[in-house]
Amino acid sequence: MNIDKVNPNNFVELEEITNFLKKFNLGFDKSVDYTVVARENQNIIATASKEKNIIKCFAISSEYQGLGISTQLLTHLVNKMFDEGYYHSMVFTKLENSELFKNMGYKEIAHTDKVILLEMGNKSIDKTLEKIIKKYDIDTSKKRAMIVMNCNPFTLGHQYLIERVAGENEEVLIFVVEEDRSIFPFNIRYELVKKGVAHLHNVKVLEGTEYIISSTTFPNYFLRKEDDFLIEYTKLDASICGEKFGKILNIDRRYVGEEPYCKVTNSYNTTLKNILPKYGIEVIVIPRKEIEEKAISASYVRELLKKDDFDKIKNLVPQSTLEFLLSPQGKEIGEKLKLSNTPH
């Protein structure tokens, strides 16, 4: 048996892996940056890939399971991560593979009836949330509400939702999606939110972390992609929110904005309403703020940015956001947007 690295530019090798994964009802994720295969008599018998510190596209033929091949493949990937400076790895896999990863030292974050998310290394979700508690001086004896937002960019719609939630709760935690897959980078989105809610003294703006709406827990969010994995991703992300964020931070309400446009986000909201009450978290949907009978959305602001239509934009965003959009850095993002076809 040989373990080989796959050449991503070799069409024949990629097609071979793709066909192998199809046997397991898996697709080859084009976002991976490193792939290895195990071969017996030149035929693929197992494969595993990674994207940064995330293990993906793992599969092994049934007749070769239990022979240590999986451990060899995964050890190869973990060593590659170490070489690249990643000392914390995560894996999203089918539930039946969980014992294999647990035997390697991975610990469960959350699972659904079909899939499981595990991690190993110098970080953990519990440690991450404990750091958040200390950094933002969160009193976990008190109940609080949470909102998760991407804010690409921050609009009057976002501000309206947060003001509504702040008026109904003693404390509100705003988790800004930390994944940098949006046209507006995380550090800019984070600062725009902080400026936009500075007048609300019971609101804390936090980093979303890699455990909520990230490329690990919910990659479809960034792709606006509806496929067979969508429901499992949404269930997993919701379970993490309830089991970890809800319990550790003492959250009893999660607010979401009504979603009239995006089917992926709407599906996510539906899953939250089905799952979070099991953890004692009430899910409250807030109708979107409208101007001229049209719901305010960040996607509409981005459309207007492509046209440099600031006359309309100024009615859709807070002054702090408008000032940024008119700044040299904001204009630069606007120019990138004109050349981009990304949904985010």
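**Quick look at the side chain of Ser297**
Relative to the elements of secondary structure, Ser297 occurs in the loop between β14 (294-295) and α10 (298-306). Of the polar contacts made by the side chain of Ser297, one reaches the backbone nitrogen of Tyr300; its length is 3.1 Å.

**Focus: unusual backbone geometry**
Of note, the bond from Asn152 into Pro153 is cis; its omega dihedral lies within 30 degrees of zero at 10°. Mapping Pro153 onto the fold places it in the loop between β8 (144-149) and α5 (156-168). Positive phi values are uncommon outside glycine, yet Thr209 reaches one of about 70°. Along the chain, the position of Thr209 falls in the loop between β10 (203-207) and α7 (220-223). Although it is not a glycine, Asp308 sits at a positive phi angle of roughly 55°. You can see Asp308 is positioned in the loop between α10 and α11 (310-313).

**Points about the environment of Cys57**
By the secondary structure assignment, Cys57 is in strand β4 (residues 54-60). Here the alpha-carbon distance between Cys57 and Val301, two residues 244 residues apart in the chain, equals 36 Å. In this structure Cys57 touches Leu21, Gly27, Phe28, Asp29, Val32, Thr47, Ala48 and Ser49, once residues within four positions along its chain are discounted.

**A word on the environment of Asn169**
Inspection of the secondary structure assignment puts Asn169 in the loop between α5 and β9 (172-176). Taking C-alpha positions, Asn169 is 9.8 Å from Met146, a pair spaced 23 residues apart along the chain. If sequence neighbours within four positions are ignored, Asn169 has contacts with Ala145, Asn202, Arg253 and Tyr255. Of note is the side chain of Asn169, whose polar atom sits 3.2 Å from the side chain of Arg253. Engagement of the side chain of Asn169 in a polar contact is seen with the side chain of Tyr255, the distance being 3.1 Å.

So, how was this worked out
Residues numbered from 1 in each chain as written. Predicted model: local features only at pLDDT ≥ 70, side-chain atom pairs only at ≥ 80, totals over all residues. Heavy atoms only, no water. Helix = DSSP H or I, 4+ residues; strand = E, 2+ residues; numbered from the N terminus. Polar contact = N/O pair within 3.5 Å; in protein donor to acceptor, adjacent residues only side chain to side chain. Contact = heavy atoms within 4.5 Å.

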